[in-house]
Amino acid sequence: MEGWWAAVPTAASMEKMSRILVVDDEERIRRLLKMYLERENYEIDEAEDGEQALELASHRNYDCILLDIMMPGMDGVEVCERIREKKATPIVLLTAKGEEANRVQGFESGADDYIVKPFSPREVVLRVKAILRRSSSTKFLHTDTQAKDVLVFPHLTIDHDAHRVTADGKEINLTPKEYELLYFMARTPDKVFDREQLLKEVWKYEFFGDLRTVDTHVKRLREKLSKMSTDAAKMIVTVWGVGYKFEVAGE
């Protein structure tokens, strides 16, 4: 029986199985990120350009992708858009300070977060850990409880146990951050949240972040909902000069 405990899943062993794709055209940055992430027992793949990144992401399932925006050939925004056509893998953009327009475009293409260069490798590790914790927290159903965590509204249902959103009976494919934003607001209907509060509660930023991060995610969320149900999309309401709220309309 020696070593029997090795077969028992633990939080640490789950983290060891996490696979991350690091995409950057600068080898020194890839090596630096790989070194720090491997210290946390993550499996790391590297891509030096957009074409290689897309090829890897198409044929392998990653728990997180760190994606540089400015690369020769296919840039990070296009890579993000094409990955989003098939997968909801959490994507973190690596951006330079002067790439504000590209950063906003990246969020509109489906990115979940961004890290500004030059960055601290420790910050990257903490961001990755936070993303993996949030994306894995809803992978397993809690069958030992009778009450399921399901929010049911006219035209919209959010099954938090199954991490599933349906609008008028049709399932919607959301990224982890889009889902978290919707679920957070839907838990307290009609409560108004300002952008700073949403950044802190949904993105877990303990520092000032780009407020347009919230705006672009709300825009994408509405667009996805509206494709299935215009009534569901209208439930996310802009409160001008303040922020957003989730409003439940009658039948």
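Residues numbered from 1 in each chain as written. Predicted model: local features only at pLDDT ≥ 70, side-chain atom pairs only at ≥ 80, totals over all residues. Heavy atoms only, no water.

Looking up the protein chain in an unreviewed UniProt entry gives the name Two-component system response regulator ResD, with the organism given as Aureibacillus halotolerans. The UniProt entry for the protein chain carries this comment under Subcellular location (unreviewed entry): "Cytoplasm". (UniProt positions renumbered as here; feature names shortened; annotations may be inferred.)

It is worth spelling out unusual backbone geometry at this point. The omega torsion across lysine 117 and proline 118 is -5 degrees, close enough to zero to call that bond cis. Looking at where proline 118 falls in the secondary structure, it is placed in the loop between β5 (113–117) and α6 (121–136). Despite not being glycine, aspartate 168 shows a phi value in the positive range, around 50 degrees. Along the chain, aspartate 168 turns up in the loop between β8 (164–167) and β9 (170–172). Accessibility expressed as a relative area gives 40% for aspartate 168, which makes it partly exposed. (Helix = DSSP H or I, 4+ residues; strand = E, 2+ residues; numbered from the N terminus. Buried < 20%, exposed > 50% of the residue type's maximum accessible area, 1.4 Å probe, protein only.)

Spatial ordering of the open sheet is given by β2-β1-β3-β4-β5, a layout of five strands whose pairing is parallel. Edge positions in the open sheet fall to β2 (43–47) and β5, since each of these has one partner strand only. On average, adjacent strands in this sheet sit at an angle of 20 degrees to one another, irrespective of strand direction. Sheet topology note: the strand β1 (residues 19–23)/β2 ladder contains five bridges and is parallel. Directly across from arginine 19, in β2, lies its bridge partner glutamate 43. The sheet contacts of helix α4 (residues 76–84) involve β3 (64–68) and β4 (91–96), and relative to β3 the element is tilted by about 150 degrees. (Pairing = 2+ DSSP bridges. Axes fitted to C-alpha atoms, helices over the stretch in contact; angles between N-to-C directions. Contact = heavy atoms within 4.5 Å.)

Right, let's get into the pattern of salt bridges. Under the counting rule described, the total for this entry stands at 21 salt bridges. Note that arginine 127 and aspartate 113 form a salt bridge whose closest N and O atoms lie 3.1 Å from each other. In this pair, arginine 127 is assigned in helix α6 and aspartate 113 in strand β5, connecting sequence segments 14 residues apart. Accessibility assignment for this pair places arginine 127 and aspartate 113 in one class, buried. Bridged by salt links that share partners, the residues Arg19, Glu43, Asp45 and Arg60 form one connected network. (Salt bridge = Lys/Arg side-chain N within 4 Å of Asp/Glu carboxyl O.)

The three strands lie next to each other as β10-β12-β11, forming an open sheet whose pairing is antiparallel. Two strands in the sheet have a free side with no partner beyond their single neighbour: β10 (193–194) and β11 (236–239). Lying on the sheet, helix α7 (residues 176–186) is in contact with β10, β11 and β12 (243–246); it crosses β12 at an angle near 70 degrees.

A rise of 1.5 Å per residue sets the reference length of helix α9 (residues 212–228), with its 17 residues, at 24 Å; its end C-alpha atoms lie 25 Å apart and thus fit the reference within 8%. When we look at burial in α9, the residues that qualify are Thr213, Val214, Thr216, His217, Val218, Arg220, Leu221, Lys224 and Leu225. (Expected span 1.5 Å × (residues − 1).)

The next thing to look at is the pairing of β1. Where burial is concerned, most of β1 is hidden: four out of the five residues are buried. Note that the unit made of β1, helix α2 (residues 27–38) and β2 has a crossover that is right-handed. Where β1 meets β3, four bridges bridge the pair, whose relative direction is parallel. For isoleucine 20, the partnering residue across the bridge sits in β3 and is cysteine 64. (Right-handed = clockwise from strand over helix to strand, strands pointing away.)

Within this structure, the stated rule accounts for three aromatic pairs. On the numbers, 4.8 Å between centres and 55 degrees between planes, the contact of phenylalanine 153 with phenylalanine 246 is tilted. With a gap of 93 residues between them, phenylalanine 153 in strand β6 (residues 150–153) and phenylalanine 246 in strand β12 connect regions that are remote in the sequence. Accessibility assignment for this pair places phenylalanine 153 and phenylalanine 246 in one class, buried. Seen from their ring centres, tyrosine 179 and tyrosine 183 are 6.0 Å apart, and the 5 degrees between their planes marks the pair as stacked. Here tyrosine 183 and tyrosine 179 lie together in helix α7, a separation of four residues that amounts to about one turn. (Phe/Tyr/Trp six-rings, centres within 6.5 Å; stacked < 30°, edge-to-face > 60°.)

This part is about the environment of alanine 57. By secondary structure assignment, the location of alanine 57 is in helix α3 (residues 50–59). Along the primary structure alanine 57 and arginine 82 are separated by 25 residues, whereas in three dimensions their C-alpha atoms are 9.9 Å apart.

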